[in-house]
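# Structural overview for review
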Amino acid sequence: MVEPETPAERPLTHQEVLEFVAEHRRREAEDDPVVQERRRRYAEAAEGLLAELRGLIPDFEQTGFTLTDIGELDKLTFTRPDEETGEQKTRKVDYRAAVPVLLDWLPRVTYFPLAEDIVRVLSYGFAKKQARPVFLELFKNPPPVQDPKFADEPERCRELLRSSLGSGLARFAEPAVAEEYIQLALDSSLGRGRSAIVGSLPKTKDERVPEILVSLLGSSDVPVVRAATDALRKLRHTPARPHIEKLLDHEDELVRLDAKDALKRMKT
């Protein structure tokens, strides 16, 4: 009988490589004072929120798991035997009951990494009804958040938070919010943070969207131009070709590449 190969005798699988890299980074982080300080600040900022979440997530109560990082909510999985078949089944954590608490805390959080985690774990369909109105309000006026990493750029964190909220709103795009999303996309005062919303406009199925996207090709915000170009590419809106052709001479290389790709797609 041929013995199976040990990890030392065969090439590592993709999963084993990922696990090796993750473990290596974890060990490096343990000795990094900057990482340790960020963890300390995160724990301090999240203490009250984590306390309110205790008892709200059945999976944690049943297994005795203690959550210490909000960003893990949409990553954690639990393997448990099926009640009928006894077969081991793995599924993600059900944290729907935590949505109201997370939304209540979001405007009050002042540490950017924690605020960003809250936005990300709420950017799923099951939270849309409750999260979208809050995201919309905070997108227009992000709360003051800080991160020592951006100590020399006091407004940087607010803009990054706006971008995160925009990404969440993009996942919630649908015809019912067409008017509001269009207004946000056209509001240049919102800067590059609106790029994800711009890219999600086709999902609203509003007949004005192609024309609006064409108008945004002239934006001074590169991410907005790229989002509009990509949306027109997906729509294969051929009347936009002359406008996209002008981007082939854009000063930004990525914009030029996007334009080339969009024009190629519109030929087929």
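Residues numbered from 1 in each chain as written. Predicted model: local features only at pLDDT ≥ 70, side-chain atom pairs only at ≥ 80, totals over all residues. Heavy atoms only, no water.

Attention now moves to the overall build of the protein. In terms of helices and strands, the protein carries 13 helices and two strands. Per-residue burial over the protein gives 38% buried out of 268 residues. A separation threshold of at least 6 residues defines the contact pool for the protein, and within that pool the share at least 24 residues apart is 61%. Total accessible area on the protein is roughly 16100 Å²; 50% of this is exposed by carbon and sulfur atoms. (Helix = DSSP H or I, 4+ residues; strand = E, 2+ residues; numbered from the N terminus. Buried < 20%, exposed > 50% of the residue type's maximum accessible area, 1.4 Å probe, protein only. Contact = heavy atoms within 4.5 Å. Areas by Shrake-Rupley, 256 points an atom, 1.4 Å probe, with all protein chains shown as cover.)

Turning our eyes to something else, we now look at the pairing of strand β1 (residues 77–81). Where β1 and strand β2 (residues 88–92) come together, five bridges link them in antiparallel fashion. Bridging across to β2, P81 finds its partner in Q88. If you look at the hairpin formed by β1 and β2, you'll find six residues sitting between the two strands, and G86 has a positive phi there, around 80°. (Pairing = 2+ DSSP bridges.)

Further remarks concern the pattern of salt bridges. Scanning the entire structure with this criterion turns up 22 salt bridges. Across the pair E179 and R208 runs a salt bridge whose closest N-O atoms are separated by 2.9 Å. Here the residue E179 occupies a position in helix α8 (residues 178–186), and R208 occupies one in the loop between α9 (195–200) and α10 (209–216), the gap between them amounting to 29 residues. Across the salt bridge formed by D261 and R233, the nearest N and O atoms sit 3.5 Å from each other. In this pair, D261 is assigned in helix α13 (residues 253–267) and R233 in helix α11 (residues 222–235), connecting sequence segments 28 residues apart. Look at the salt bridges and you will find they share partners, linking E37, R40, R41 and E44 into a network. (Salt bridge = Lys/Arg side-chain N within 4 Å of Asp/Glu carboxyl O.)

As a rule of thumb, soluble globular proteins bury nonpolar side chains together. Counting residues in each nonpolar core, the largest one holds 73 residues, and the members touching the most others are I70, L102 and F135. No other element matches the seven residues that helix α5 (residues 112–122) contributes to this core. In this view, I70 contacts Y42, L49, L50, L53, L102, L114, D117, I118 and V121; residues no more than four positions away in its chain are not counted. (Core = buried A, V, L, I, M, F, W, Y, C linked by side-chain atoms within 4.5 Å.)

Let us now look at the packing of α11 against α13. Closest axis-to-axis distance for the α11/α13 pair is 9 Å, and the angle between their directions is 10°. In terms of axis orientation, α11 runs roughly parallel to α13. Between α11, through V222, V225, R226, T229, L232 and R233, and α13, the contact on the second element is made entirely by L254, V255, D258, A259, D261, A262, R265 and M266. Its residues placed into classes, the contact of α11 with α13 shows eight nonpolar, one polar and five charged. (Axes fitted to C-alpha atoms, helices over the stretch in contact; angles between N-to-C directions. Parallel < 35°, antiparallel > 145°, perpendicular 65-115°, else oblique. Nonpolar A, V, L, I, M, F, W, Y, C, P; charged D, E, K, R; others polar.)

Moving on: the side chain of R132. Mapped onto the elements, R132 comes out in helix α6 (residues 128–140). Under the relative-accessibility criterion, R132 is labelled buried at 13%. There is a polar contact of 2.8 Å between the side chain of R132 and the backbone oxygen of F172. In contact with R132, other than residues within four places in its own chain, are A127, L169, F172, E174, V177 and Y181. (Polar contact = N/O pair within 3.5 Å; in protein donor to acceptor, adjacent residues only side chain to side chain.)

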